[in-house]
Amino acid sequence: MPYTTSRHDLSNQIRKVVKAIHSTGLKVIATICDQGATNTAAINLLKADTRVNCLRKNIDYNDLFYEVDCGTEVITLVHLFDPPHLLKRIRNNFLNKNVRYVVNRKTFNNRKKIFNQHLNEQVMNII
């Protein structure tokens with residue numbers, strides 16, 4: 001049975017790593033990961049903690065960042081989802097959800113067939 005790190009453990013690990021990097025003098029400005037469920041949940045947990053801290057301090061919070069307390073300084077971080085995985089998720093949605101769009105009278109399915117034919121031709125040329 002596969003196991004995964006819990007969102008609480010992962011968010012604590014992110015805090016520890018950011019603190020450790022910050023202690024070297026480097027400035028962490030962003031974190032990045034794929035859109036895995038645990039990753040997203042951990043980032044949302046960090047954002048929720050930051051939101052609570054902002055509300056306590058009567059500071060506006062807009063969900064675009066989260067903060068990590070590094071002891072002497074509280075640093076603000078932006079989280080990004082990596083572009084290759086974003087593109088992959090978009091592609092998978094087109095393939096799995098039967099999304100159809102028409103551009104120049106060609107549907108996505110037709111473009112997929114053309115791509116596969118071209119790919120097969122390239123493989124045949126290599127052989």
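Residues numbered from 1 in each chain as written. Predicted model: local features only at pLDDT ≥ 70, side-chain atom pairs only at ≥ 80, totals over all residues. Heavy atoms only, no water.

**Notes on the sheet that holds strand E2 (residues 66-69)**
Right, so step 1: Spatially, E1-E3-E2 is the arrangement adopted by the three strands of the open sheet, whose pairing is mixed. Of all the strands in the sheet, the pair left with one neighbour each is strand E1 (30-33) and E2. Neighbour to neighbour, the strand axes of the sheet diverge by 35° on average, direction disregarded.
Right, so step 2: The strands touched by helix H2 (residues 37-56) are E1, E2 and strand E3 (74-81); relative to E2, the strand with the most contacts, the crossing angle is about 75°. (Pairing = 2+ DSSP bridges. Helix = DSSP H or I, 4+ residues; strand = E, 2+ residues; numbered from the N terminus. Axes fitted to C-alpha atoms, helices over the stretch in contact; angles between N-to-C directions. Contact = heavy atoms within 4.5 Å.)

**Observations concerning a nonpolar patch on the surface**
Right, so step 1: A cluster of nonpolar side chains, namely Val17, Ile21 and Leu26, defines an oily patch on the protein surface of about 260 Å² accessible area.
Right, so step 2: Among the structural elements, Leu26 can be located in the loop between helix H1 (7-23) and E1. (Patch = residues over 30% accessible without salt bridge, like charges linked within 9 Å, V, L, I, M, F, W, Y side chains within 5 Å. Areas by Shrake-Rupley, 256 points an atom, 1.4 Å probe, with all protein chains shown as cover. Salt bridge = Lys/Arg side-chain N within 4 Å of Asp/Glu carboxyl O.)

**Some thoughts on the environment of Ala48**
Right, so step 1: Mapped onto the elements, Ala48 comes out in helix H2.
Right, so step 2: Ala48 sits 15 residues away from Asp63 along the chain, and the two C-alpha atoms are 8.4 Å apart.

**A closer look at the environment of Ile43**
Right, so step 1: Locating Ile43 in the fold gives a position in helix H2.
Right, so step 2: When neighbours within four sequence positions are excluded, Ile43 is seen to be in contact with Ile14, Thr31, Tyr66 and His79.

**Some details on the environment of Leu10**
Right, so step 1: Tracing the backbone through its elements, the reader meets Leu10 in helix H1.
Right, so step 2: Classification of Leu10 by relative accessible area gives buried; the value is 17%.
Right, so step 3: For the pair formed by Leu10 and Thr38, sequence separation is 28 residues and the distance between their alpha carbons is 7.8 Å.
Right, so step 4: If near-sequence neighbours (up to four positions away) are discounted, Leu10 is found in contact with Thr5, Thr38, Asn39 and Ala42. (Buried < 20%, exposed > 50% of the residue type's maximum accessible area, 1.4 Å probe, protein only.)

Keep in mind these numbers describe shape, not what the thing actually does.
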